[in-house]
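# Residue-level structural notes
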Amino acid sequence: MINKKIAIIGLGYVGLSMAAFLGNHFKVVGVDSNKEKIRTLEKGRQYFYEPKMSYYLKRAIKNGLTFTDQITKEIVSSDFVFITVGTPIDKYGKIDLSNIKSVSTSIAKNMTNLKNNPSIIIKSTVIPGTAMHVVKPILEKNDLKESVDFDLLTNPEFLREGLAMHDTISPHSIVIGGSNNASIKKLTSLYKATYTKKQNIIETNNITAEVIKYANNAFLATKISFINSIANICQKLPGTNVDKVAEIIGMDPRIGKQFLKAGPGYGGSCFPKDVQALINFANNIGYEPILLDAVKNINTLQVNTVMNLIKQNLKNLKGKKICVLGLSFKENTDDIRESVSVKLVDLLLKQGCNVFVHDPKAMDNIQLVFKDRITYTDSLKDILVDSDCAVIMTPWQDYKNIKEKDLLTMRNPIIVDTRRILHIDNEKISYVGLGIG
Ligand code: UGA
């Protein structure tokens, strides 16, 4: 097994985490059409912030991990070819499979006269039916047959940004969907050779694996919208705190403790896109997904809850100095895709506020969005001085450690804490926790 050759096509969070991890065990080539990314990676550098990745990446490069921007015959003749390209949604909310289709087309072009029959594995999140009805016909164009000349597997990924290496090294489960047992077993044995600990490997067909990935993300998004609804109810009930409610209901094993942290709404490159793509897909196959619609709508509206908390405490917002603390969609990442902080900054600007922002890692990314419309401050201490309100949006450790004496440098020490990470007991500071009545 150790001599197996692996190609990973698409070096985003999923592809690069896999390359960095599997590159320590096998001969791996990472492929990405973006030449600049390839140049950066060849120098052993990441092009986004992800804890612990640098360590594994450097080690894998020493172990022979290489990168290229071309899908060649050599790439396609690997034993395992993972497809980990992005699957965004278009302006109508429908999944955009163009990356999947173009990679499949390049693989097909190079899949002639192969000595081996490679396993082509779709790891990208794809709408049910994609493997069998979109990718398979493309790969079979040159008179090759699935299960004979190549295998086609669906192997969704469950890693979280900010914990990408941790989740790649210790996945909670591995789902493998395929059309025959032998092809599934090949990938199962690759994973068995990779992991020292026994893994929870689920074997199924391609379409079930595709549904599992959407169901997983949609359920987690549902939990968040659910607890955000409860938070909005608690907000109106003096004496209640959503965290207490979440803690107690989470003790019921049928509910579980995780993903019950109320906040400004979920963001990132996955939940908003995947819930939307599933809604669109369900409508197209004749089912009206009213629950998913509600999950999405609750999430879209949650930024208004944050705005209302600011307005209730500041009355007139025009000209006020508002500090937005935390711009990435979650802690331990510099990713601002679909971050609710971006929406909040937009709304504050519309109200005529003077917006100051801070984030331990996402400052470069946010500057590309707002340019000179807001003020960027690297020092958490400085940003607070003479401000009228500070809104904690992302639960970074830095914000948990904010000192009361720094908050007291504000003109109006009003703290809107959307994640309830601060515990303030000082009558000079107005502390407003989202979900605390
Ligand atoms: C999510 C899933 O958790 C992964 O399992 C999945 O592989 C990934 O999407 C994907 O499909 O690629 P990710 O988006 O990286 O991972 O981050 P999460 O930790 O799930 O957080 C998503 C959003 O939900 C963040 O904005 C976070 O702040 C928010 N959230 C999360 C809450 O508001 N409350 C919670 O209790 C948990």
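The rules behind the values
Sequence order sets the numbering: in each chain, residues are counted from 1 along the sequence as written. Totals for whole chains, interfaces and linings use all residues, but because this is a predicted model, local features are given only for residues with pLDDT of at least 70 and pairs of side-chain atoms are given and counted only at 80 or more. With hydrogens and water stripped out, all remaining heavy atoms of the structure feed into the side-chain values. Here's how the labels work: a residue is buried when its accessible area is under 20% of the maximum for its type, exposed when over 50%, partly exposed in between, all with a 1.4 Å probe on protein chains only. Strands here are runs of E lasting at least two residues and helices are runs of H or I lasting at least four, both read from the DSSP assignment and numbered beginning at the N terminus. Being paired, for any two strands, means DSSP has found at least two bridges between them. Handedness is read with the strands pointing away from the viewer; a crossover is right-handed when the path from the first strand over the helix to the second is clockwise. An automatic or database domain assignment supplies the start and end points of every domain. Two parts lose some accessible area (1.4 Å probe) when they are put together, and adding that loss for both gives the buried area. By definition here, a salt bridge exists when the distance from a side-chain nitrogen of Lys or Arg to a carboxyl oxygen of Asp or Glu is within 4 Å. Any pair of nitrogen or oxygen atoms within 3.5 Å is treated as a polar contact; in protein, a donor-acceptor pairing is required on top of that, and neighbouring residues in sequence qualify only through side-chain atoms on both sides. Between N-to-C directions, angles cover 0 to 180 degrees, with each direction set by a line fitted to C-alpha atoms, over the stretch in contact for helices. For this classification, under 35 degrees means roughly parallel, over 145 means roughly antiparallel, 65 to 115 means roughly perpendicular, and everything else is oblique. Here is the rule for handedness: rotate from the far helix to the near one, and if that takes an anticlockwise turn smaller than a right angle the crossing is left-handed, while a clockwise turn gives right-handed. Any pair of residues with heavy atoms lying within 4.5 Å of one another is described as a contacting pair. Polar here means any residue outside two lists: the nonpolar Ala, Val, Leu, Ile, Met, Phe, Trp, Tyr, Cys and Pro, and the charged Asp, Glu, Lys and Arg; Gly therefore counts as polar.

## Observations concerning the pairing of strand β4 (residues 80–83)
Residues Phe-80 and Phe-82 of β4 are buried on one face, and the alternating residues Val-81 and Ile-83, pointing to the opposite face, are buried as well. With 4 bridges connecting them, strand β1 (residues 5–9) and β4 associate as parallel partners. If you follow Ile-6 over to β4, its bridge partner there is Phe-80. Inspection of the sheet shows β4 paired to strand β5 (residues 119–122) by 4 bridges, in the parallel sense. Residue Phe-80 lies in a different strand from β5, and its bridge partner there is Ser-119. For the segment spanning β4, helix α5 (residues 98–109) and β5, crossover handedness is right-handed.

## Quick word on the domain arrangement of the protein
Domain assignment breaks the protein into domain 1 (5–204) and domain 2 (220–433). For the pair domain 1 and domain 2, the summed buried surface comes to about 1400 Å²; carbon and sulfur atoms form 57% of the total. Our enumeration of links across domain 1 and domain 2 arrives at 1 salt bridge. Here Glu-161 ties to Arg-337 by a salt bridge, and the two come within 3.5 Å at their closest N and O atoms. There are 7 residue pairs in polar contact (both at pLDDT 80 or more) connecting domain 1 and domain 2.

## Some details on the packing of helix α9 (residues 206–235) against helix α11 (residues 271–284)
With their axes 9 Å apart at the nearest point, α9 and α11 run at an angle of 115° to one another. Compared by their axis directions, α9 and α11 come out roughly perpendicular. For α9 against α11, the interelement crossing comes out left-handed. Of the residues in α11, those in contact with Lys-213, Tyr-214, Asn-217, Ala-218, Leu-220, Ala-221 and Ile-224 of α9 are Phe-271, Asp-274, Val-275, Ala-277 and Leu-278. Within the contact of α9 with α11, the residues separate by chemical class into 9 nonpolar, 1 polar and 2 charged.

## As for the pattern of salt bridges
Considering all chains together, one arrives at 16 salt bridges under this definition. The salt bridge partner of Glu-140 is Lys-145, with a shortest N-O separation of 3.8 Å. Under the relative-accessibility criterion, Lys-145 is labelled partly exposed at 47%. Three or more residues joined by partner-sharing salt bridges are found here, namely Glu-161, Asp-335 and Arg-337.

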